[in-house]
Amino acid sequence: ADIEEQHFGLVSILLPLALIGCAIWIGVLAFGNVRQRSGEIGILRAIGLSSGQILGLFLSRAIVTGFVGGLAGVVIGVAIGTQTVGLSRELSSQLFASSGVVLTIVLAPIVAPVFSALASWLPALMAAQQDPATVLQGD
């Protein structure tokens, strides 16, 4: 019971730190993508795309990337977990009968895109607010 309590305490500290670190990393990558594509953004704005359409473009990319990443994470995690532990078929079926494991498997591809979109929100907003004249004048 003490060991479980210590594990719970450790997880309650490490999980938020890991999530914050991941959010910062996704934001930095999205910001880098916006900076690399500033010329493209300027051209798209110059030909008539609205700020909302540019914002939607970057957020939809973040959502698709998050979904693919969440799905890949579930598949790879389950494969590595079952191979590492060397679960028998009986133990494996009991594990997947657990509601916590099934809930995690179902929610990961749903939560990952939302998390990715939230972490990419500020860089996408910056991309949407770029003035096409200023961007294209620098190129």
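Residues numbered from 1 in each chain as written. Predicted model: local features only at pLDDT ≥ 70, side-chain atom pairs only at ≥ 80, totals over all residues. Heavy atoms only, no water.

Some remarks on the overall build of the chain
Then, in step 1: A tally of regular secondary structure across the chain gives seven helices and zero strands.
Then, in step 2: Counting helices and strands in the order they occur from the N terminus, the chain gives α-α-α-α-α-α-α.
Then, in step 3: In the chain, which comprises 139 residues, the proportion classed as buried is 22%.
Then, in step 4: Looking at the chain alone, contacts between residues at least 24 apart form 83% of all its contacts between residues at least 6 apart.
Then, in step 5: Here the chain displays about 9600 Å² of accessible surface, and carbon together with sulfur accounts for 71% of that area. (Helix = DSSP H or I, 4+ residues; strand = E, 2+ residues; numbered from the N terminus. Buried < 20%, exposed > 50% of the residue type's maximum accessible area, 1.4 Å probe, protein only. Contact = heavy atoms within 4.5 Å. Areas by Shrake-Rupley, 256 points an atom, 1.4 Å probe, with all protein chains shown as cover.)

Observations regarding the packing of helix α1 (residues 2-36) against helix α6 (residues 121-128)
Then, in step 1: Running from amino to carboxyl end, α1 crosses α6 at an angle of 15°, the nearest separation of the two axes being 8 Å. Our classification of the angle between α1 and α6 gives roughly parallel. Along this stretch, α1 crosses α6, giving a crossing that reads as right-handed. Between α1 and α6, the contacting residues are Gly27, Ala30, Phe31 and Val34 on the first element and Pro123, Met126 and Ala127 on the second. (Axes fitted to C-alpha atoms, helices over the stretch in contact; angles between N-to-C directions. Parallel < 35°, antiparallel > 145°, perpendicular 65-115°, else oblique. Left-handed = near helix turned anticlockwise from the far one by under 90°.)

Some thoughts on the side chain of asparagine 33
Then, in step 1: In this structure, asparagine 33 sits in helix α1.
Then, in step 2: In this structure asparagine 33 comes out as buried when scored by relative accessible area, which is 13%.
Then, in step 3: Only 3.2 Å separates the side chain of asparagine 33 from the side chain of arginine 61, close enough to count as a polar contact.
Then, in step 4: Those residues in contact with asparagine 33 that lie beyond four places of it in its chain are Phe58 and Arg61. (Polar contact = N/O pair within 3.5 Å; in protein donor to acceptor, adjacent residues only side chain to side chain.)

Topic: the environment of glycine 69
Then, in step 1: Residue placement: glycine 69 occurs in helix α3 (residues 51-85).
Then, in step 2: Glycine 69 sits in the partly exposed class, given a relative accessible area of 41%.
Then, in step 3: For the pair glycine 69 and proline 109, spaced 40 residues apart in the sequence, the C-alpha separation amounts to 7.7 Å.

Some words on the confidence of the model for the chain
Low pLDDT means the predicted atomic positions in that stretch should not be read closely.
Then, in step 1: The predicted model of the chain averages 84 in pLDDT, with 87% of residues at 70 or higher.
Then, in step 2: At the level of individual helices and strands, the chain shows its lowest average pLDDT in helix α4 (residues 89-97), which scores 62, and its highest in α6, which scores 89. (pLDDT = per-residue confidence, 0-100.)

Observations regarding the environment of valine 28
Then, in step 1: Along the chain, the position of valine 28 falls in helix α1.
Then, in step 2: In this structure the C-alpha to C-alpha distance between valine 28 and serine 120, which are 92 residues apart in sequence, comes to 8.5 Å.

A closer look at helix α2 (residues 38-46)
Then, in step 1: Here α2 has its buried residues at Gly39, Ile41 and Gly42. Down the axis of α2, the sector holding all buried residues measures 160°, keeping them to one side.
Then, in step 2: Downstream of α2 by one or two residues, glycine 48 has phi in the positive range, about 115°. (Arc of directions from axis to C-beta.)

Considerations on the side chain of serine 116
Then, in step 1: Tracing the backbone shows serine 116 in helix α5 (residues 99-119).
Then, in step 2: Residue class for serine 116 comes out buried when judged on its relative accessible area of 8%.
Then, in step 3: Other than its neighbours up to four places away in sequence, serine 116 contacts Ile26, Ala62 and Gly66.

Points about the nonpolar core
Then, in step 1: Core analysis: the biggest nonpolar cluster contains nine residues, these being Val34, Ile41, Ile54, Leu55, Phe58, Leu59, Ala124, Ala127 and Ala128.
Then, in step 2: The biggest single contributor to this core is α3, with four residues.
Then, in step 3: Residues in contact with isoleucine 41, not counting those within four places in the same chain, are Val34, Ile54, Phe58, Ala127 and Gln130. (Core = buried A, V, L, I, M, F, W, Y, C linked by side-chain atoms within 4.5 Å.)

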